[in-house]
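Residue-level structural notes
Now for the letters of each chain:
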Amino acid sequence: MNIGIMGTGNIAEYLLKSINKEKQVTGIVTAVFGRNQAAGKGLAETYQTRFYRDFNSFIKSDIDIVVEAAAVEVAAAYSVPVLENGKDLIVSSVGAFADGGFLENVRETAKDHGRTVHLPSGAVGGLDLLKSANALGGLEKVMITTRKSPASLGLEGISEEKRLFDGPAGEAIREFPKNVNVALALSLAGIGTEKTRVRVIADPSVERNTHTIEAEGSFGNIKTTIENLPMPGNPKTSYLAALSVLAALKNQGNPVVIG
Ligand SMILES: NC(=O)C1=CN([C@@H]2O[C@H](COP(=O)(O)OP(=O)(O)OC[C@H]3O[C@@H](n4cnc5c(N)ncnc54)[C@H](O)[C@@H]3O)[C@@H](O)[C@H]2O)C=CC1
Ligand SMILES: O=C([O-])CC(=O)C(=O)O
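What you see is a predicted model, and the numbers here were worked out from it, not measured in a lab. (Residues numbered from 1 in each chain as written. Chains lettered and ligands numbered in written order. Predicted model: local features only at pLDDT ≥ 70, side-chain atom pairs only at ≥ 80, totals over all residues. Heavy atoms only, no water.)

1. Side note on the UniProt feature "domain: Aspartate/homoserine dehydrogenase NAD-binding" (unreviewed entry) in the protein chain
- UniProt feature "domain: Aspartate/homoserine dehydrogenase NAD-binding" (unreviewed entry): in the numbering of this structure it lies at residues 7–120.
- End C-alpha to end C-alpha, residues 7–120 measures 17 Å, and it is 47% helix and 17% strand. (UniProt positions renumbered as here; feature names shortened; annotations may be inferred. Helix = DSSP H or I, 4+ residues; strand = E, 2+ residues; numbered from the N terminus.)

Below is the structure:
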């Protein structure tokens, strides 16, 4: 399996290290696409891969699958062209799918070209539970409370916790595109972007990216909290988010699906 990565940041470098150096996946990253020439060249040298600033050259190279590890606008711009070029796709910036029309477009394109799109669970768990709970439409309430350090949320000089947002997931991802992709993953698995409620709290007392998920419905109820270790390369991003992409790559083509 030849893998192409969109993005030259923290998740991209983690994947390159795990795959090209540590051989954690049956496959190799043969191509990286990004806008940052210096970062891309550095990655290409360190991890023996090719760097492209031109999307067409990247997508026409000998890759089988593309991992988006860049930003919501990158997933929005390139998901359809990736599929049209006959490649499978794994998306980190699931916030791009806040637009239901876009999701439908991606679904149709994947179907037309016989490709698959994987939206990994990222920095949270529980998507399986929400899907089961809503199998007959019985899921009534989903709420996620995200707590991160002020610096992760772009704030300085805050000494007490501060609620920055309380509202629907669709609006939250527009305001915090680098911090609440997890809320979009929960929305897609559950009751959608309008009904899924998101609270974002800047909390100087936390070092871990903490997400509390509460759900209620005909199945009963659940409350679960994950305390994620942030990645050294980008404290906004939890280590689990990178691991979930790696797990998705490890499971490519596996005929047995768990969860
Ligand atoms: N699903 C989840 O649980 C999570 C998803 N994410 C998503 O993954 C993305 C990547 O995370 P990190 O690697 O930690 O971020 P990062 O900030 O370290 O790296 C982002 C990379 O994308 C590139 N980039 C950004 N905008 C671009 C554009 N318009 N065109 C081309 N390249 C562009 C940057 O140059 C950089 O190389 C985040 O932006 C976020 O959308 C992040 C954390 C959790
Ligand atoms: O990594 C995290 O904890 C969550 C995050 O940034 C996102 O969902 O965009």
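That covers the picture; the talk isn't over yet.
2. So, the packing of helix α1 (residues 10–21) against helix α10 (residues 239–250)
- Where α1 contacts α10, the axes come no closer than 10 Å and their chain directions differ by 50 degrees. The orientation of α1 relative to α10 falls into the category oblique. Of the two possible hands of crossing, α1 and α10 adopt the one that is right-handed. Taken together, the residues of α10 that come into contact with α1 (itself represented by I11, Y14, L15, S18 and I19) are Y239, A242, L243, V245, L246 and L249.
- Its residues assigned to classes, the contact of α1 with α10 comprises ten nonpolar, one polar and no charged. (Axes fitted to C-alpha atoms, helices over the stretch in contact; angles between N-to-C directions. Parallel < 35°, antiparallel > 145°, perpendicular 65-115°, else oblique. Left-handed = near helix turned anticlockwise from the far one by under 90°. Contact = heavy atoms within 4.5 Å. Nonpolar A, V, L, I, M, F, W, Y, C, P; charged D, E, K, R; others polar.)

3. Considering the environment of A189
- Tracing the chain through its elements places A189 in helix α8 (residues 181–189).
- For A189, a relative accessible area of 13% translates into the label buried.
- Remark: the alpha-carbon pair of A189 and L129, spanning 60 residues in sequence, is separated by 8.7 Å.
- Every residue in contact with A189, bar those within four places of it in the chain, is listed here: L127, L130 and K131. (Buried < 20%, exposed > 50% of the residue type's maximum accessible area, 1.4 Å probe, protein only.)

4. Some thoughts on the site of ligand 2
- Neighbouring ligand 2 are the residues A123, K148, K178, N179, V180, N181, V182, N209, H211, K236, T237 and S238.
- Between an oxygen atom of ligand 2 and a side-chain N or O atom of K148, the distance comes to 2.8 Å.
- Between ligand 2 and V180, the relevant distance is 3.4 Å, taken from an oxygen atom to a main-chain nitrogen or oxygen of the residue.
- Residue assignment for the shell around ligand 2 shows that the elements contributing at least two residues are α8, β10 (209–217) and β13 (234–238).
- In terms of residue class, the shell around ligand 2 is built from three nonpolar, six polar and three charged. (Near = heavy atom within 4 Å. Polar contact = N/O pair within 3.5 Å; in protein donor to acceptor, adjacent residues only side chain to side chain.)

5. Quick look at the sheet that holds β10
- Reading across from one edge, β8-β9-β7-β10-β11 is the order of the five strands in this open sheet, with mixed pairing throughout. At either margin of the open sheet sits one strand with a lone partner, and together these are β8 (162–168) and β11 (220–228). Taken over all neighbouring pairs, the strand axes of this sheet differ in orientation by 10 degrees on average, direction set aside.
- Note that β8 and strand β9 (residues 197–202) share six bridges and pair antiparallel. From the neighbouring strand, G167 faces β9, where its bridge partner is V198. (Pairing = 2+ DSSP bridges.)

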